[in-house]
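Per-entry structural report
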Amino acid sequence: MPVIFGKAPGKIILFGEHAVVYGQPAIAMPVSRVNATARVTPNISASPGLVRMIAPDIDLDAPLDHLAEDHPLASAVRATLAEVSPHHTPAFTIQINSTIPISAGMGSGAAVTVAIIRALSAFLGRPLSEPQISELAFEVEKIHHGTPSGIDNTVIAYRKPVYFQKGMPLEILQVEKSTHWVIADSGEKTPTKTTVSAVRDLYENNPQVYGEIFDQMGTLSNDARPALISGDLPTLGQLMNKNQALLQSLQVSSAKLDDLCQAALAAGALGAKLSGGGRGGNMIALAAQEDCDRISQALEEAGATKTIVTTLGEATE
Ligand code: MEV
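Calculation criteria
- Residues numbered from 1 in each chain as written.
- Predicted model: local features only at pLDDT ≥ 70, side-chain atom pairs only at ≥ 80, totals over all residues.
- Heavy atoms only, no water.
- 1 Å grid on protein atoms, 1.4 Å probe; cavity = no way out; pocket = protein on both sides within 12 Å on 5 of 7 lines; lining within 4 Å.
- Points joined across faces, edges and corners; volume = space filled by probe spheres on them.
- Helix = DSSP H or I, 4+ residues; strand = E, 2+ residues; numbered from the N terminus.
- Nonpolar A, V, L, I, M, F, W, Y, C, P; charged D, E, K, R; others polar.
- Buried < 20%, exposed > 50% of the residue type's maximum accessible area, 1.4 Å probe, protein only.
- Polar contact = N/O pair within 3.5 Å; in protein donor to acceptor, adjacent residues only side chain to side chain.
- Contact = heavy atoms within 4.5 Å.
- Expected span 1.5 Å × (residues − 1).
- Near = heavy atom within 4 Å.
- Areas by Shrake-Rupley, 256 points an atom, 1.4 Å probe, with all protein chains shown as cover.
- Core = buried A, V, L, I, M, F, W, Y, C linked by side-chain atoms within 4.5 Å.
- Axes fitted to C-alpha atoms, helices over the stretch in contact; angles between N-to-C directions.
- Parallel < 35°, antiparallel > 145°, perpendicular 65-115°, else oblique.
- Left-handed = near helix turned anticlockwise from the far one by under 90°.

1. Here we look at the layout of surface pockets
Roughly 890 Å³ of volume is contained in the largest pocket. Surrounding the largest pocket, 44 residues form its lining, Gly107, Ser108, Gly109, Ala110 and His145 being those nearest its centre. Sorting the residues of the lining of the largest pocket by element identifies strand S1 (4-15), helix H1 (72-84), strand S5 (92-98), helix H2 (108-123), helix H3 (130-145), helix H4 (151-158) and helix H5 (192-205) as the ones contributing at least two each. Here the lining of the largest pocket takes five residues from H2, the largest share from any one element. Here the lining of the largest pocket is built from residues that sort into 20 nonpolar, 18 polar and six charged. Ser134, Gly150, Asn153, Thr154 and Phe164 are the residues nearest the centre of the second largest pocket, which is lined by 15 residues in total. Breaking the lining of the second largest pocket down by element, the ones donating at least two residues are H3 and H4. For the lining of the second largest pocket, the element with the most residues is H3, which contributes four residues. Split into classes, the residues belonging to the lining of the second largest pocket amount to six nonpolar, seven polar and two charged.

2. Structural notes on the side chain of asparagine 282
Looking at the secondary structure, you find asparagine 282 in strand S10 (residues 282-287). Overall, the relative accessible area of 3% leaves asparagine 282 in the buried class. A polar contact is formed between the side chain of asparagine 282 and the backbone nitrogen of aspartate 185, at a distance of 3.1 Å. Asparagine 282 has contacts with Pro101, Ala104, Met106, Ile183, Ala184, Asp185, Leu257, Leu274 and Ser275, leaving out every residue within four places of it along the chain.

3. Section: helix H7 (residues 233-249)
Taking 1.5 Å as the rise per residue, H7 with 17 residues should run 24 Å; its terminal C-alpha atoms sit 25 Å apart, in good agreement. Along H7, the residues classified as buried are Leu236, Gly237, Leu239, Met240, Asn243, Gln244, Leu246 and Leu247. Contact partners of the buried residues in H7: S1, strand S8 (179-185), helix H6 (207-230), helix H8 (255-266), strand S9 (271-275) and S10.

4. Side note on the site of the ligand
Near the ligand there are 13 residues, and of these Lys11, His18, Val20, Ser149 and Asp152 occur at the shortest range. Between the ligand and lysine 11 there is a distance of 2.9 Å, counted from an oxygen atom to a side-chain nitrogen or oxygen. A distance of 2.5 Å is found between an oxygen atom of the ligand and a side-chain nitrogen or oxygen belonging to serine 149. In the complex, the protein chains occlude 96% of the 300 Å² of accessible area that the ligand would expose alone.

5. A closer look at the nonpolar core
In terms of nonpolar packing, the biggest core is built from 103 residues, with Leu14, Val77 and Met283 touching the most fellow members. Residues contacting leucine 14, with those up to four places away along its chain left out, are Ile27, Ala28, Met29, Trp181, Leu228, Asn243, Lys273, Ile284 and Leu312.

6. A look at the packing of H2 against H3
Contact geometry for H2 and H3: axes closest at 9 Å, N-to-C directions at 130 degrees. In terms of axis orientation, H2 runs oblique to H3. Like other packed secondary-structure pairs, H2 and H3 cross with a definite hand, here right-handed. The residues of H3 that touch H2, namely those facing Gly109, Ala110, Thr113, Val114, Ile117 and Arg118, are Glu130, Ile133, Leu136, Ala137, Val140 and Glu141. In terms of residue class, the contact of H2 with H3 is built from seven nonpolar, two polar and three charged.

7. Describing empty space enclosed by the protein
Leftover empty space is mapped by rolling, across the atoms, a probe with the size of a water molecule. Using the criterion set out here, one finds one cavity of 30 Å³ or more in the structure. Reported here for the largest cavity is a volume of approximately 40 Å³. Ser103, Ala104, Gly105, Thr190, Pro191, Thr192, Thr195, Gly277, Gly278, Gly280 and Gly281 are the residues that line the largest cavity. Tallied by class, the residues present in the lining of the largest cavity amount to two nonpolar, nine polar and no charged.

8. Some remarks on the packing of H5 against H6
For any two helices packed against each other, one specifies the inter-axial angle together with the distance between the axes. Where H5 contacts H6, the two axes come as close as 5 Å, and the packing angle between them is 125 degrees. Between H5 and H6, the interaxial angle falls into the category oblique. Contact residues: Val199, Leu202, Tyr203, Glu204 and Asn205 in H5; Pro207, Tyr210, Gly211 and Phe214 in H6. Across the contact of H5 with H6, the residue classes break down as six nonpolar, two polar and one charged.

Given below as structure tokens:
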């Protein structure tokens, strides 16, 4: 058995986060400038079934059976073993690394899970397809995130821009023109589970008002889809700003995210919004290619801890 690598990108949500949990469409794209990797090495001298888990980012080096049932990395390994090789576990070491910021809206949890499933299923001689990887990652996401919509595991497993709606066939977006995006980390962190459950409380207390906000967000995603495909930047920018205003009414923005959005717009971005669960994490700005560096700099001056420039429409691996 050779050493096997599995890789998974980060992601950003362009339109429709939170509303997607309530059945509205949303649009997301992979970001391969940051990624999670899993490396599986056979351990020929150890007895079958001995699995060693190493994750330097979280100071983990332990046998799989010492880790709790709901440990995020262990549950991804266990789910893959159960799916692919339920009757025989060879001895192996799996090392997980990630450059995706944690609790920052870029899908770090789903990416680590996808990297593990991809590497381990290949190592066990039964490489899973993208739909299978996505489905298994969704099961693991449910253990940690309560009520995920499924958009994170989908965009990360397929590594393609997606128009996603729960319970509907997936649409991979084939864009005709590239668009350029600046991603900026606010440095604040809130787990997605926390913001999703805060939004649920709002919705349950006032389904009429919040249901209407979700509907409006779904309309923005539907309007954004053709604009994204044709590269209509002014329309996309306006839709992003409207989406950000609706996210503010869901109380998932923060003063820092609002400041970063304003800084991006003042520096020439066509639109700006938070991306992902919110209350910190990352925001995104849409920009003409030649303005991206200036906008990145403005965002860093406004307090972003890190910026990434990425393009939608280039081949992603
Ligand atoms: C998280 O990336 C997106 C949310 O809509 C949660 C979900 O869809 O599961 C906030």
